[in-house]
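Overview (structure and organization)
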Amino acid sequence: MNERWREIGDRVYVRRHRSFDLNVGLVVGDDHCLVIDTRMSHREAADLIEAIRTVTSSPWTVVNSHAHFDHCFGNALFRPAEIWGHVRCAEEIEDYGEQQRAAVIGRLPEARRKEVEEVSITAPDQTFTTAATLDVGGRTVHLRHFGLGHSSNDVVTHVPDAGVVFAGDLVEEGAPPAFSDSYPIDWPVTTAAMLAELTGDVIVPGHGRVVDRAFAEEQRAELAEVADLARRAHVEGLRGLVHAFPYPEDVTHQVIERAFLQLDAQLT
Ligand SMILES: [Zn+2]
């Protein structure tokens, strides 16, 4: 895996990183660019900025696909530019960013902890609830929120003139979707809305290789099956169904925990 930019549409790039297998997007217009996600620390963001400067010297706007650390803890280095995000993304970073930092530090190997300790946690300053449109140096880019899914605040970035969709972690390649903050009952419906409304066959997941519409559709179908299994398990118990899920058991347990909270109406 190299960390060079790959052009996946006219002046639309993706950079896939070894760290967390994270994808960052870059949309380049005439005198402006858009950066999709900022990586997990100042160190990683500095590396990203250096890479952006090999492509364009234009000023940037930033969008966070959601409030998880691996996508937004690099934000501070992109200031004072505008950082866009869902309104709940900003709230979550402001209210729970420190909690997230503590959890991440607990999981990281010793050598990387300092990197997260030094992060100045920075929330988006430009927020929206369902849709926003940006002018990126003459190019129209749509930011959309289609509902609950991988998180409460997933933002999809659509570049219609290039047929590219940056799906954030609503779509995941190379690993099962991540359910820890998810809404498993809504997720397939949200992905379906995204696929129905956005044009383009190039879909960039938050992690892993760039995929096409068929891949995203297959993942939507699997998520729908998973939601159905979770609904059944809520009634019948999990024991007989745990192996019917398409995931390893630890992932299944995370699905169940989140789905049951939803089905018990403890999550909004
Ligand atoms: Zn995430």
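Look a little higher up for the structure.
Quick look at the structure, then. Source: prediction; values computed, not measured.

This brings us to the packing of aromatic side chains. Counted by the stated rule, this structure contains six aromatic pairs. Relative to F128, the ring of W84 lies with its centre 6.5 Å away and its plane at 50 degrees, an arrangement referred to as tilted. A residue pair is termed long-range when its members are at least 10 positions apart, and W84 in strand β6 (residues 83–86) and F128 in strand β7 (residues 126–128) qualify at 44 residues. Side by side, W84 and F128 carry an identical accessibility label, which is buried. Among the aromatic residues, ring-to-ring pairing joins F20, F69 and F73 into one connected group.

Counting residues in each nonpolar core, the largest one holds 30 residues, and the members touching the most others are M194 and I203. The element best represented in this core is helix α6 (residues 213–236), accounting for seven residues. Not counting residues up to four positions away in its chain, the partners in contact with M194 are F146, V156, V165, A167, L170 and V171. By size, the runner-up hydrophobic cluster in this structure holds 21 residues, among which are I8, V12, V159 and F166.

A few words now on the coordination of the zinc ion. Looking at the metal site, the zinc ion is ligated by H66 (NE2), H68 (ND1), H150 (NE2) and D169 (OD), spaced 2.1 to 2.5 Å from it. Angles of 88 to 177 degrees at the metal separate the four donor atoms of the zinc ion, which places the site in the irregular class. The sequence pattern formed by the donor residues of the zinc ion is H-x1-H-x81-H-x18-D. Remark: H150 occurs in the loop between β9 (139–144) and β10 (156–159) and H68 occurs in the loop between β5 (60–63) and α2 (69–72); sequence separation between them is 82 residues. Across the pair, H150 and H68 agree in class, each one buried.

The subject of this paragraph is the state of the cysteines. Counted according to the given criterion, the structure contains zero disulfides. Left without a disulfide partner, C33 is nearest to the cysteine sulfur of C72, which lies 19 Å away. Taking the relative accessible area as the measure of exposure, C33 reaches 0% and is therefore buried. By relative accessible area, which is 2% here, C72 ends up buried.

The rules behind these values
Residues numbered from 1 in each chain as written. Predicted model: local features only at pLDDT ≥ 70, side-chain atom pairs only at ≥ 80, totals over all residues. Heavy atoms only, no water. Phe/Tyr/Trp six-rings, centres within 6.5 Å; stacked < 30°, edge-to-face > 60°. Helix = DSSP H or I, 4+ residues; strand = E, 2+ residues; numbered from the N terminus. Buried < 20%, exposed > 50% of the residue type's maximum accessible area, 1.4 Å probe, protein only. Core = buried A, V, L, I, M, F, W, Y, C linked by side-chain atoms within 4.5 Å. Contact = heavy atoms within 4.5 Å. Donors = N, O, S within 2.8 Å, 3.2 Å for Na, K, Ca; no water. Tetrahedral: all angles 85-135°; square planar, octahedral: opposite > 155°, others 65-115°. Disulfide = S-S within 2.5 Å.

These values are about where atoms sit, not about what they do.
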